[in-house]
Amino acid sequence: MRSFLPDYAIQAPGTLAEALRLMAAEPGAWTPIAGGTDLMVLFNAGRLQGRRLLDLSRIYELRGIEDDPARLSLGSLITYTELLEQRAVHQFFPNLVKSARATGALAIQNRGTLGGNIVNASPAADTPPSLLAYGAEVQLVSVRGSRWVAYDAFHLDYKKMDLAPDELVARIRLPKPQGRGFHFYRKVGTRQAQAISKVCLAAYARIEGRVVTELRVGLGSVAPVPLRARHAEAVVAGRALDALPIEEARRAVLEDISPIDDIRASAHYRQVVTGNVLAQMLTELGRARTV
Ligand SMILES: Cc1cc2nc3c(=O)[nH]c(=O)nc-3n(C[C@H](O)[C@H](O)[C@H](O)COP(=O)(O)OP(=O)(O)OC[C@H]3O[C@@H](n4cnc5c(N)ncnc54)[C@H](O)[C@@H]3O)c2cc1C
């Protein structure tokens with residue numbers, strides 16, 4: 001049954017300090033709400049647990065982009081539409097552009113935020129594979145201070161995160177790829193647009209001479225959390241572009257994933273398709289220009 005609005009309270013602090021004080025006074029009592037595109041689905045279904053909402057939209061400290069030569073730092077309230085307007089995102093992080101374009105329809109892209117996508121912690125979300133491929137870090141803030149966590153260590157288990165009840169995600173920081181790189185993003189869904197992924201793979205490879213010196217592969221929809229394909233990465237790193245061990249990597253990635261059967265796809269489908277998309281990525285990587 002649909003929730004009853006008067007049962008809910010909302011506060012909209014104007015500063016980060018005010019929001020953190022409220023959260024510290026009663027840890028877990030306040031549910032942060034950013035764009036509301038995940039939370040309002042729960043609300044409509046009568047499944048929104050917390051009765052006190054903390055509207056983050058007025059907190060300017062959670063907005064803005066800091067662009068320096070080494071990295072890009074994005075406020076957690078950045079929407080998909082705002083991401084797509086950023087030249088530096090297109091220049092350095094094309095997989096993030098593809099993730100944003102693959103997310104929902106325009107209305108969702110206008111309201112949904114990167115921070116919300118991270119903390120909603122759906123294994124099928126579209127930005128996490130790209131954030132993993134780019135070695136992102138997240139800044140967590142509370143009245144106790146601030147800490148940076150490597151994004152690949154943030155998701156602990158299904159919907160469990162390294163995030164205390166009094167903490168907010170403030171910023172997402174991405175190191176800018178240096179030198180020659182290869183970027184790949186593919187979301188496999190029932191159709192091209194407005195579908196939840198069955199398998200999602202993002203990759204970034206650094207190439208020096210004719211050798212892949214570093215490879216990061218982020219996967220979605222194939223485990224309880226978005227995760228790095230570390231076994232597959234290890235098989236490929238250090239190998240020459242014209243001798244990439246595609247079949248070995250395809251076998252190795254099965255060690256990385258633990259898909260389930262659900263209404264969108266079977267576990268077997270996800271295993272086969274993950275291997276196929278990885279093979280597609282490596283085939284394209286093998287053809288990457290070397291001059
Ligand atoms: C029709 C529809 C289509 C969608 N399509 C896609 C899709 O294709 N791909 C996809 O990945 N997602 C999709 N989504 C899900 C959703 O739009 C995204 O996950 C979005 O990024 C959530 O952001 P938000 O700001 O709206 O989050 P909210 O709903 O405001 O919050 C989501 C969660 O994050 C928490 N939270 C938000 N911000 C912070 C913060 N700064 N610090 C701590 N906690 C925080 C909230 O408490 C809540 O638990 C879709 C949703 C709908 C309704």
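The following refers to the structure shown. Not measured: the values here are computed from a predicted model. (Residues numbered from 1 in each chain as written. Predicted model: local features only at pLDDT ≥ 70, side-chain atom pairs only at ≥ 80, totals over all residues. Heavy atoms only, no water.)

### A short note on the overall build of the chain
This is how it is decided: Under the scheme used here, helices are H or I runs from DSSP no shorter than 4 residues and strands are E runs no shorter than 2 residues, and both carry numbers assigned from the N terminus. For each residue, the accessible area found with a 1.4 Å probe, counting protein chains only, is set against the maximum for its type, and the residue is called buried under 20%, exposed over 50%, and partly exposed in between. Every residue pair with non-hydrogen atoms within 4.5 Å of one another is taken to be in contact. Accessible surface is estimated by sampling points in the Shrake-Rupley manner with a 1.4 Å probe; for residues, cover comes only from the protein chains shown.
A count of helical and extended segments in the chain gives 11 helices and 14 strands. Taken over the C-alpha atoms alone, the chain extends approximately 60 × 45 × 30 Å along its principal axes. Across the 291 residues that make up the chain, the buried fraction comes to 48%. Summarising the internal contacts of the chain: among those between residues at least 6 apart in sequence, 63% fall at separations of at least 24. Accessible area for the chain stands at about 13,700 Å²; split by element, carbon and sulfur atoms hold 53% of it.

### A few points about the side chain of Ser-221
Quick reminder of the rule: Pairing of N or O atoms within 3.5 Å defines a polar contact, subject to two protein rules: one partner must be a possible hydrogen donor and the other a possible acceptor, and residues neighboring in sequence count only if both atoms are side-chain atoms.
Its place among the elements puts Ser-221 in the loop between strand S13 (211-220) and strand S14 (227-228). Side chain to side chain, Ser-221 and Ser-197 meet in a polar contact 2.7 Å long. In this view, Ser-221 contacts Pro-123, Ala-124, Ser-197, Lys-198, Val-199 and Arg-270; residues no more than four positions away in its chain are not counted.

### Describing the sheet that holds strand S2 (residues 30-33)
One key point about sheets: their strands pair by backbone hydrogen bonds, in either a parallel or an antiparallel sense. Heads up, the rule is: For two strands to count as paired, DSSP must find a minimum of two bridges between them. Interaxial angle, 0 to 180 degrees, is taken between N-to-C directions of lines fitted to C-alpha atoms, where a helix line uses only the stretch in contact.
Taken together, the three strands give an open sheet; going across it, the order is S1-S3-S2, and neighbouring strands pair in parallel fashion. In the strand order of this sheet, the two ends are held by strand S1 (9-11) and S2, each with one partner. The sheet shows a mean angle of 30 degrees between the axes of neighbouring strands, direction not considered. Bridging between S1 and strand S3 (residues 52-55) involves three bridges; their strand directions are parallel. Its bridge partner lying in S3, Ala-9 is registered against Arg-52.

### Quick word on the site of the ligand
Stated precisely, the cut-off is as follows: Only heavy atoms are used to decide nearness, and a residue is near a molecule or strand if one of them lies within 4 Å of it. Under this grouping Gly is polar, as are all residues other than the nonpolar Ala, Val, Leu, Ile, Met, Phe, Trp, Tyr, Cys and Pro and the charged Asp, Glu, Lys and Arg.
In the region of the ligand, 28 residues are neighbours, and Pro-32, Thr-37, Asp-38, Tyr-80 and Thr-113 sit closest. In this structure, an oxygen atom belonging to the ligand sits 2.7 Å away from a main-chain N or O atom of Gly-35. Contact distances for the ligand include 2.6 Å between an oxygen atom and a side-chain N or O atom of Thr-113. Relative to its free-state accessible area of 990 Å², the ligand is covered by the protein chains to the extent of 84%. Looking at the shell around the ligand element by element, the count peaks at four residues for helix H7 (residues 114-120). Here the residues of the shell around the ligand are counted per class, giving 13 nonpolar, 12 polar and three charged.

### Re the side chain of Thr-31
For Thr-31, the location among the structural elements is in strand S2. With a relative accessible area of 17%, Thr-31 lands in the buried category. Excluding anything up to four places from it in sequence, Thr-31 contacts Leu-39, Gly-50, Arg-52, Leu-53 and Leu-54.

### Observations concerning helix H10 (residues 246-256)
Counted only if it meets this: This arc describes the spread of directions from the helix axis toward the C-beta atoms.
The set of residues buried in H10 consists of Ala-249, Ala-252, Val-253 and Asp-256. Across the axial projection of H10, the buried residues extend over an arc of 110 degrees, all falling on one side. Every exposed residue of H10 that faces more than 90 degrees away from the buried side is listed here: Arg-251 and Glu-255. The inward-facing, buried residues of H10 abut S13, S14, helix H9 (230-236) and helix H11 (267-286).

### Looking at the packing of aromatic side chains
To describe a pair of aromatic rings, you give the distance between the ring centres and the angle between the ring planes. To keep it simple, the criterion reads: In this analysis, rings of Phe, Tyr and Trp, with Trp reduced to its six-membered ring, are considered paired at centre separations within 6.5 Å, and the interplanar angle assigns stacked below 30 degrees, edge-to-face beyond 60, and tilted for intermediate values.
For the coordinates displayed, the defined rule picks out five aromatic pairs. Aromatic side chains Phe-92 and Phe-93 sit 6.3 Å apart centroid to centroid with 50 degrees between the ring planes, which places their arrangement in the tilted category. With a centroid separation of 6.1 Å and an interplanar angle of 45 degrees, the aromatic rings of Tyr-134 and Tyr-204 are classed as tilted. On the criterion of sequence distance, the pair formed by Tyr-134 in the loop between helix H8 (127-133) and strand S6 (137-142) and Tyr-204 in strand S12 (residues 199-208) is long-range, its members being 70 residues apart. The same class applies to Tyr-134 as to Tyr-204, namely buried.

### Regarding the pairing of S12
Counted residue by residue, S12 has eight buried out of 10 residues, so it is predominantly covered. Looking at chain direction, strand S11 (residues 180-188) and S12 are connected through nine bridges and run antiparallel. What sits directly across from His-183, in S12, is Tyr-204. Across nine bridges, S12 lies against S13 in antiparallel orientation. From the neighbouring strand, Glu-208 faces S13, where its bridge partner is Val-211. The antiparallel hairpin formed by S12 and S13 contains two residues in its connecting segment, where Gly-209 sits at a positive phi of about 60 degrees.

### Let's talk about the pairing of strand S10 (residues 168-175)
For a regular strand, the rule is simple: side chains alternate between the two faces of the sheet. The element S10 is largely enclosed, with a buried count of seven among its eight residues. Where strand S5 (residues 71-75) meets S10, five bridges bridge the pair, whose relative direction is antiparallel. Bridged to Leu-72 within S10 is Leu-174. Two strands pair when backbone bridges link them, and S6 and S10 are joined in this way by five bridges, in the antiparallel orientation. Paired with Glu-137 across the strands is Arg-173, a residue of S10.

Nothing here speaks to function; it is geometry throughout.
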